[in-house]
Amino acid sequence: MQTDDELAALLQRGDKQALDTLIRRHYQLVFAYLYRCTGDYHTACDLAQETFVKLVRAAGTQVKAESLKPWLLRIALNTCRDYYRSRAYKTQRNSTDYREELLGSQQAEIVPLGQRQEEREELEEWLETLPDYQRETMILRYYHDLRIKEIAEVTAVGESTVKSRLKQGLDKLRRQWKRGQSDESKSNKR
């Protein structure tokens, strides 16, 4: 089995088989990340395809295998940001339906955060309330299990900024959870 480094070198020389192997190896990761960001299966498919097109265009700049995964996620992140700035996103902003079960086999790439389906759905709703930069950081850390250093690479910010975004995001989610718990206890008393 060829390493990512060997495949990247072959891709630089225009080897289509190397591209196929890289896509098979990393598609689930890219798709799952984009699905988490967009909440729409078809949009995530389109953006994943666009991410790999950008990979081919930029193949000459990537060399180190240990940074392929963060580099690929950075392309996906930038593709997603471009989408959010696009007219297509602005016209269908409120029409997405976020369903975990649509991930199907891609589920293996995602770390479950809640034990029950209701908890996961509630958490996903809360994630949507975070600013984009915090949501991106939280998704990369807790759904894709990237290290702080890798997240800094993907998002092009310093490690201290990543830590700050994670702490702020977690604090906001904790406040949401506490608010939900107090609302639940009030309704149970009635």
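Located above this text is the structure these notes cover.
In this text, all values refer to a predicted model and were calculated from it rather than measured experimentally.

A. Region of interest: the overall build of the protein chain. Per the secondary structure count, the protein chain includes 9 helices and 0 strands. Each helix (α) and strand (β) of the protein chain, taken in turn from the N terminus, gives the series α-α-α-α-α-α-α-α-α. Sorting the 190 residues of the protein chain into buried and exposed places 39% on the buried side. The long-range share in the protein chain, meaning contacts at least 24 apart out of those at least 6 apart in sequence, stands at 64%. Taken as a whole, the protein chain presents about 11200 Å² of accessible surface, with 47% of it coming from carbon and sulfur.

B. Looking closely at the nonpolar core. Core analysis: the largest hydrophobic core is formed by 43 residues, its most contacted members being V30, Y33, L34, L55, L73, L140 and L173. Those elements that provide at least two residues to this core are helix 1 (4-12), helix 2 (16-38), helix 3 (41-57), helix 4 (68-85), helix 6 (117-129), helix 7 (132-143), helix 8 (148-155) and helix 9 (159-189). Setting aside chain neighbours within four positions, we find L34 in contact with G39, A44, L47, A48, T51, A76 and C80.

C. Geometry of the packing of helix 2 against helix 4. Closest axis-to-axis distance for the helix 2/helix 4 pair is 10 Å, and the angle between their directions is 40°. Judged by the angle between their axes, helix 2 and helix 4 are oblique. Handedness of the crossing formed by helix 2 with helix 4: right-handed. The segment helix 2 lies against helix 4, with L22, H26, L29, V30, Y33, L34, C37 and T38 engaging L68, K69, L72, L73, A76, L77, C80, Y83 and Y84. Taken together, the residues that form the contact of helix 2 with helix 4 break down as 14 nonpolar, 2 polar and 1 charged.

D. Here's a closer look at the environment of G180. Relative to the elements of secondary structure, G180 occurs in helix 9. Residue G180 is classed as partly exposed on the basis of its relative accessible area of 23%. Sequence separation of G180 and E122 is 58 residues, and the distance between their C-alpha atoms is 9.5 Å.

E. Representation of the packing of aromatic side chains within the structure. Within this structure, the stated rule accounts for 5 aromatic pairs. When the ring of Y27 is compared with that of F31, the centres are 6.0 Å apart and the planes differ by 20°; the resulting orientation is stacked. Separated by 4 residues within a single helix, Y27 and F31 lie in helix 2, roughly one turn from each other. Given a relative accessible area of 25%, Y27 falls into the partly exposed group. Judged by relative accessible area, which is 0%, F31 ranks as buried. Each ring, one from F31 and one from Y41, has its centre 5.4 Å from the other, and the planes form 70°; the classification is edge-to-face. With F31 in helix 2 and Y41 in helix 3, this residue pair connects regions lying 10 residues apart in the sequence.

F. Region of interest: the state of the cysteines. Considering all chains together, one arrives at 0 disulfides under this definition. Here C37 is not cross-linked by a disulfide; its sulfur's nearest cysteine counterpart is in C80, at 4.4 Å. On the basis of relative accessible area, C37 is assigned to the buried category, the value being 5%. For C80, a relative accessible area of 3% puts it in the buried group.

G. Helix 7, seen in detail. Along its 12 residues, helix 7 runs 15 Å from first to last C-alpha, staying within 8% of the 16 Å computed at 1.5 Å per residue. For helix 7, every residue scored as buried is listed here: Q134, R135, E136, T137, M138, I139, L140 and Y143. Note on helix 7: the residue one or two positions beyond its end, D145, has a positive phi of about 55°.

H. Fine view of helix 8. If you check which residues of helix 8 are buried, you get E150, I151, A152, V154 and T155. At the exit of helix 8 stands A156, carrying a positive phi of roughly 60°.

The rules we used
Residues numbered from 1 in each chain as written. Predicted model: local features only at pLDDT ≥ 70, side-chain atom pairs only at ≥ 80, totals over all residues. Heavy atoms only, no water. Helix = DSSP H or I, 4+ residues; strand = E, 2+ residues; numbered from the N terminus. Buried < 20%, exposed > 50% of the residue type's maximum accessible area, 1.4 Å probe, protein only. Contact = heavy atoms within 4.5 Å. Areas by Shrake-Rupley, 256 points an atom, 1.4 Å probe, with all protein chains shown as cover. Core = buried A, V, L, I, M, F, W, Y, C linked by side-chain atoms within 4.5 Å. Axes fitted to C-alpha atoms, helices over the stretch in contact; angles between N-to-C directions. Parallel < 35°, antiparallel > 145°, perpendicular 65-115°, else oblique. Left-handed = near helix turned anticlockwise from the far one by under 90°. Nonpolar A, V, L, I, M, F, W, Y, C, P; charged D, E, K, R; others polar. Phe/Tyr/Trp six-rings, centres within 6.5 Å; stacked < 30°, edge-to-face > 60°. Disulfide = S-S within 2.5 Å. Expected span 1.5 Å × (residues − 1).

Limitation: the analysis is restricted to geometry and does not speak to function.
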